[in-house]
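Summary of structural features
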Amino acid sequence: MGSLDGAAGPGSYKRAAVAAPAPAPAPLPLPRASAGGGAAPRRPGMRSRLARFLLVDKVDYLQWIGTAAAFFFVTILVVAFLPGSLVLETPAMLLPSRRASAGGVRSRTHPLLPPDLDNGEGLAFEPTRLRERWARERREEAESLAELGRPVKRAGARKPRLALVFANLAPGAMQLQMVSVASVLEAMGYEMKVFSFEDGPCSNIWRTIGIPVEILPVDTKLLTSVDWLDYDGMLVNSIEARPVFSSLLQEPFKSIPVIWTVQESSLAHCVSDYNSSGMIQTLGGWKEVFSRANVIVFPNYILPVMYAALDSGNYFVVPGSPAVAIQADRFIANSYDQDVRIGLSLGPRDFVIAVVGSQFSYGGFLMEEAFVLQAVRPLLQQYRSENSTQTGLKVRILTGNVTDKHRMALEAISLNVGFPRGAVEHVAVEDSDNLLGISNLVIYGSCLDEQSFPSVLVQAMILEKLVIAPDLGMITKYIDDGINGLLFPRKNIAMLTQVILQAVSNGELSVLGKKVASVGKARAKDLMASEAIEGYAVLLENVLKFPAEAITPLTSGEIPLALKQEWKWHLFEDVKHLYHMNESLTDCKILQKIEWHTNRKDDPRSSTQKIDEAFSAIAWNEERLNGIMDAKMKLEEEELKERSDQPHGTWEEVYRNVKRVDRMKNELHERDENELERTGQPLCIYEPFFGEGTWPFLHQGSLYRGIGLSSKGRRPGADDIDASSRLPLLNNGYYRDILGEFGAFFALANRIDRIHKNSWIGFQSWRMTARKVNLSKNAESAILEAIQTQKHGDAFYFWVRMDQDPRNHGNQNFWSLCDAINAGNCRLAVSEAFQRMYGLQLDEDLNSLPHMPNDGDTWAVMQSWVLPTRSFLEFVMFSRMFIDALDAQMYDKHYQTGHCILSIHRDKHCYSRVLELIVNVWAFHSARRMVYVNPETGAMREQHPLDGRRGRMSIQWFSYATLKSMDEDLAEEYDSDHPERRWLWPHTGEMMWQGLYERERNMRQQEKERRKQQTKDKIQRIKKRARQKTIGRYIKPDDAGRLNDTGTVD
């Protein structure tokens, strides 16, 4: 979050530039007022102020001496009872990402508030890192676009889309705030959709304002079945919506901008428990999701401090929330005044003054309480009773850190000021609603200059309580003195007495006080609605980067005032239980439930772990001993086996056995049912994917097969293809992102006969499954039947139409849509690519581009089509040369800056949108039949019939002979010249030309002859091997032991 000094880090508290006021002196005694309330006139003269003060006729010297003594007594109490350790009673939270201040380097650890903050010096939360990043991105983007040398244009074909994610749709402050924000965003030009894990009464409210609602199904891996790439940004609301990050933390959804609104404080209280309990994994999981969000939004400035342990430099505050108003209305609906007064030790007729202050604890707060009590002291005269020594005036001070020393100091101060025992007491923050509800007057006694209007004052004003506050900058922004509140100068706190005397008359609120409280109630309910709504609009302007086809929405400064000045209370009038909802998680129970559920879903071994936990310590010891015994027995068997005689064969037999094992290695592969079924089918449809986020959208049948663009994120147990192992170019993240599905095309085409043995090949984008426009069973059967009967011959089947694409609102023609989604430079990029590819000089007006007629038929988008395998290899041959030309055109600037002429903002996919449409150019001009297949019914209709294409096709540039000749020329150049320049084409697949065929044939012939010669040499060595002659012959002796007389020994 940052440091506290001037060079604060991200989301930091730093000292305000305004000089801190000096400690207020002891208030001067009020002169005895006349009936009209006037003061004694000053005597003229040249005497000093002290002399004139001492010579005033109506000065009560005893009162003056008593006041001075009280001031010194309070000072002694502060020093004696409040040592420096009481500056913060809450656990010290250390702020990360500290930086050196301008005055020097401080310690790496820094408390929540500076120990020397005793004089009301202001603090400022500054999201430094966020603002620096936004400014740097705008500056770099402007510089990069200027260096491109070509203008980029925004077509504005669709509205920018936002996804709003909730844990549930139960009524509450979060729903009210986001409904109000969404209503304004819709007027600004945004298109939104609500997602929730649980349904609720607010779903009808969202539909009433025209925003659709979808209840998210959660699968076994806790990955939601939504394609978040369809949205330009996400607004996630509540800590309980954490499960959505299970997919946002995975590719390809890591780049989606996420703004996460956190209004609960329960997690901040649980962080210390996680640290003390050693729950490092749980704490790390929360840090991971907090760092995933681009911005964490808090409704006030105390929550960023409470969540300091999870800060990664992305904290932002948008002040204002209807939660305070709902909390006050809830108290009104459930108020039991008599019971509350009894609980706070108050009588039914007591006049109660509530003293409230800053949410931050600092060293000067006791001094401020003493000043307020001194200012309230004159009211004691109005509450004296002749029949009782008790007073009807009660002062209750709201504080969050009450200690015995603090309580003793306050009691001593109140008795010394003149209050009877029990008239002044502390009230814990937990009873703030009750205190404000029964109080007659609310005094804001803190002079700490904060950045937002105190929520406690908002609540008091909604409860129609008169508010008296110092003239701090943030308070004067919302309170007009004498209109909806009363103000006193913070540099002269002695004036507070006069303000109080104006507000209270004869033991009750004056007419002025009642009128001011009534006006304050009317304004308070929507006091900060405008700032909150405008704050979200500003955030979206800085966080979201809209593509070229999106319409630019209105800016925050263009929002009409009437739209943002109030919350949409009228939409919730018919919703029951709005004021009876539990607005925040009060403990760690629900959080632990969310964490356990997430961990259980994310960990495939969770079921095994649950079973393991059921074993006792004795059972585990027995299991361990059994394992040790098994290991010993196995070791003994191996030793005995080594000692026993083993049959050994000749080296030729060993060699043959090794070769036999190598040949049988592939045959031993146990193929699953889908692979066996796929072998007998004419068609296999591949689904390229990247990352675990796409798993819910991939098929499992024999007709489909996944192909992962990265070795990471592959489905366990699935028969997926690793594209990066077949095409090493995909190990380069730059080309994996920029090629997209074409990376899978090139990987499959590289030695395709080793992995694809079907006569037809197809591809389907996983995003079509998310949009529910993937092939149905009827459509699959229709395509298979058309293939087997050769109904259309060498055809190109597709089922995603360009005229129904969300990016094509105006039903634009082919090249117009290509320009719209590529910053207006699609034609220019394609023209230059064809010039490099074919070595031609095209017209500057781009009229010589391949003709794509606008004849009422449509084209294919989103890489979902089927064609013969032979035609697919021809298309890959064309694509490799086309992409090489695009890469040579754009690589240098795009690789260095991330910008290219086909995108308005930094885009790692650059020309992937051009590649999405280029298959239509190849299919049309290579004279393929183009057939549209209805993905639901399977009905087929030919598009751009061949008879109507005659004279409009550039067959000479897209024929197989032309492309094959160009491919061989490139292969010969690379094989013969070995150019040293950076060249993409050789890395996208195989290289074949006639010289390479001949060299390979010669090499095979030489290898064959070498093996023959080795065999001949081996036979000759065997024949010429020297044989030892027999030394002699063994003669068996006869039974008598004598040798046979005729036997001889040579």
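The next thing to look at is the environment of His 426. Along the polypeptide, His 426 turns up in strand β12 (residues 424-428). Overall, the relative accessible area of 16% leaves His 426 in the buried class. Those residues in contact with His 426 that sit more than four places away from it in its chain are Glu 369, Ile 397, Thr 399, Val 402, His 406, Arg 407 and Leu 410.

Ordered by their spatial adjacency, seven strands build an open sheet running β5-β4-β3-β6-β7-β8-β9, and the pairing between neighbours is parallel. The sheet is open, and its two edges are formed by β5 (213-215) and β9 (315-317), each paired on a single side. For this sheet the average axis-to-axis angle between neighbouring strands, irrespective of direction, equals 25°. Contacting β7 (258-261), β8 (295-298) and β9, helix α8 (residues 280-292) crosses the sheet at an angle of about 120° to β7.

According to the stated counting rule, one finds 33 salt bridges in the structure shown. Taking the shortest distance from any N to any O, the salt bridge between Asp 719 and Arg 705 comes out at 3.1 Å. In this pair, Asp 719 sits in the loop between β19 (704-708) and β20 (721-722) while Arg 705 sits in strand β19, placing the two residues 14 residues apart along the sequence. Exposure remark for Arg 705: the relative accessible area of 13% places this residue in the buried category. What you see here is one network of salt bridges that share partners, running through Asp 227, Asp 230, Arg 767 and Arg 771.

Moving on to the pairing of strand β6 (residues 233-237). With five of five residues buried, β6 lies mostly within the body of the structure. Burial along β6 is two-sided: the residues Gly 233, Leu 235 and Asn 237 and Met 234 and Val 236 are all buried. Pairing analysis gives four bridges linking strand β3 (residues 161-166) to β6, with the strands arranged parallel. Note on β6: the bridge partner recorded for Val 165 is Val 236. The pairing of β6 with β7 spans four bridges and is classified as parallel. By the bridge assignment, Leu 235 is partnered in β7 with Ile 259.

Take the pairing of strand β11 (residues 393-399) next. For β11, the tally of buried residues reaches seven of seven residues, placing the bulk of the element in the interior. Judged by which residues are buried, β11 turns out to be covered on both faces: Leu 393, Val 395, Ile 397 and Thr 399 on one side and Lys 394, Arg 396 and Leu 398 on the other are all buried. The sheet contact formed by β11 and β12 spans five bridges and is parallel. Along β12, the bridge assignment pairs Val 395 with Val 424.

To continue, consider the side chain of Asp 230. With respect to the element layout, Asp 230 can be found in the loop between β5 and β6. For Asp 230, the contacting residues outside a window of four places in its chain are Arg 161, Arg 767 and Arg 771.

Time to look at the packing of aromatic side chains. Taken as a whole, this structure holds 45 aromatic pairs when the rule is applied. Relative to Trp 859, the ring of Phe 814 lies with its centre 5.5 Å away and its plane at 65°, an arrangement referred to as edge-to-face. Residue Phe 814 is found in helix α31 (residues 814-820), and its partner Trp 859 is found in the loop between α32 (826-838) and β23 (865-868); the two are separated by 45 residues along the sequence. Across this residue pair, the class does not change: Phe 814 and Trp 859 are buried. Taking the centre distance of 5.9 Å and the plane angle of 90° together, the rings of Trp 865 and Phe 875 count as edge-to-face. You can see Trp 865 sitting in strand β23 and its partner Phe 875 sitting in helix α33 (residues 869-897), a full 10 residues away along the chain. For the pair formed by Trp 865 and Phe 875, the shared burial category is buried. Joined through ring pairs, the aromatic side chains of Tyr 686, Phe 742, Phe 745, Phe 746, Phe 763, Phe 796, Phe 798, Trp 865, Phe 872, Phe 875, Trp 922 and Tyr 932 make up one cluster. Lying over the aromatic face of Tyr 960, Arg 870 brings its terminal NZ or CZ to 5.9 Å of the ring centre. Looking at Arg 981, its charged tip hangs above the ring of Trp 983, at a distance of 4.4 Å from the centre.

Here we come to the sheet that holds β23. Pairing is mixed in the open sheet, where eight strands are placed in the order β20-β19-β18-β21-β23-β22-β24-β25. Every other strand in the sheet has two partners, leaving β20 and β25 (940-943) as the edge strands with one partner each. Judged from the four bridges that link them, strand β18 (residues 683-689) and strand β21 (residues 760-763) form a sheet pairing that is parallel. When the sheet's bridge partners are listed, Ile 685 is paired in β21 with Gly 762.

It is worth spelling out the state of the cysteines at this point. In the structure shown here, the tally under the stated rule is two disulfides. One disulfide in the model links Cys 818 with Cys 826; its S-S distance is 1.8 Å. Given an S-S torsion of about 70°, the disulfide between Cys 818 and Cys 826 has right-handed geometry. Accessibility classification places Cys 818 together with Cys 826 in one group, the buried group. A sulfur-sulfur separation of 2.4 Å characterises the disulfide bridge that pairs Cys 900 with Cys 910. Looking down the S-S bond of the Cys 900 and Cys 910 bridge, the torsion is 130°, so its handedness is right-handed. Of this pair, Cys 900 sits in the loop between α33 and α34 (912-925) while Cys 910 sits in the loop between α33 and α34; the two residues are 10 residues apart in sequence, bridging distant segments of the chain. For the pair shown, Cys 900 and Cys 910 are each scored as buried.

Below, the discussion takes up a positive patch on the surface. Judged by side-chain charge, Arg 656, Lys 1018, Arg 1021 and Arg 1025 come together as a positively charged surface patch. With respect to the secondary-structure elements, Arg 1025 resides in the segment after α38 (994-1023). Given the relative accessible area of 55%, Arg 1025 is considered exposed.

This part is about the environment of Val 194. In this structure, Val 194 sits in strand β4 (residues 191-196). Along the chain, Val 194 and Leu 235 lie 41 residues apart, while their C-alpha atoms are 9.5 Å from each other. The contact partners of Val 194, leaving out residues within four places of it in the chain, are Leu 164, Phe 166, Leu 169, Trp 206, Ile 211, Pro 212, Val 213 and Glu 214.

Right, let's talk about helix α3 (residues 128-148) for a bit. In this model, α3 (21 residues) spans 30 Å end to end at C-alpha, consistent with the 30 Å of a helix rising 1.5 Å per residue. Buried within α3 we find Thr 128, Leu 130, Trp 134, Glu 141, Ser 144 and Leu 148. Positive phi appears at Gly 149, one or two residues downstream of α3, with a value of about 80°.

Criteria and cut-off values
Residues numbered from 1 in each chain as written. Predicted model: local features only at pLDDT ≥ 70, side-chain atom pairs only at ≥ 80, totals over all residues. Heavy atoms only, no water. Helix = DSSP H or I, 4+ residues; strand = E, 2+ residues; numbered from the N terminus. Buried < 20%, exposed > 50% of the residue type's maximum accessible area, 1.4 Å probe, protein only. Contact = heavy atoms within 4.5 Å. Pairing = 2+ DSSP bridges. Axes fitted to C-alpha atoms, helices over the stretch in contact; angles between N-to-C directions. Salt bridge = Lys/Arg side-chain N within 4 Å of Asp/Glu carboxyl O. Phe/Tyr/Trp six-rings, centres within 6.5 Å; stacked < 30°, edge-to-face > 60°. Lys NZ or Arg CZ within 6 Å of the ring centre and 35° of its normal. Disulfide = S-S within 2.5 Å. Patch = residues over 30% accessible without salt bridge, like charges linked within 9 Å, V, L, I, M, F, W, Y side chains within 5 Å. Areas by Shrake-Rupley, 256 points an atom, 1.4 Å probe, with all protein chains shown as cover. Lys, Arg positive; Asp, Glu negative; His and termini not counted. Charge placed at Lys NZ, Arg CZ, Asp CG, Glu CD. Expected span 1.5 Å × (residues − 1).

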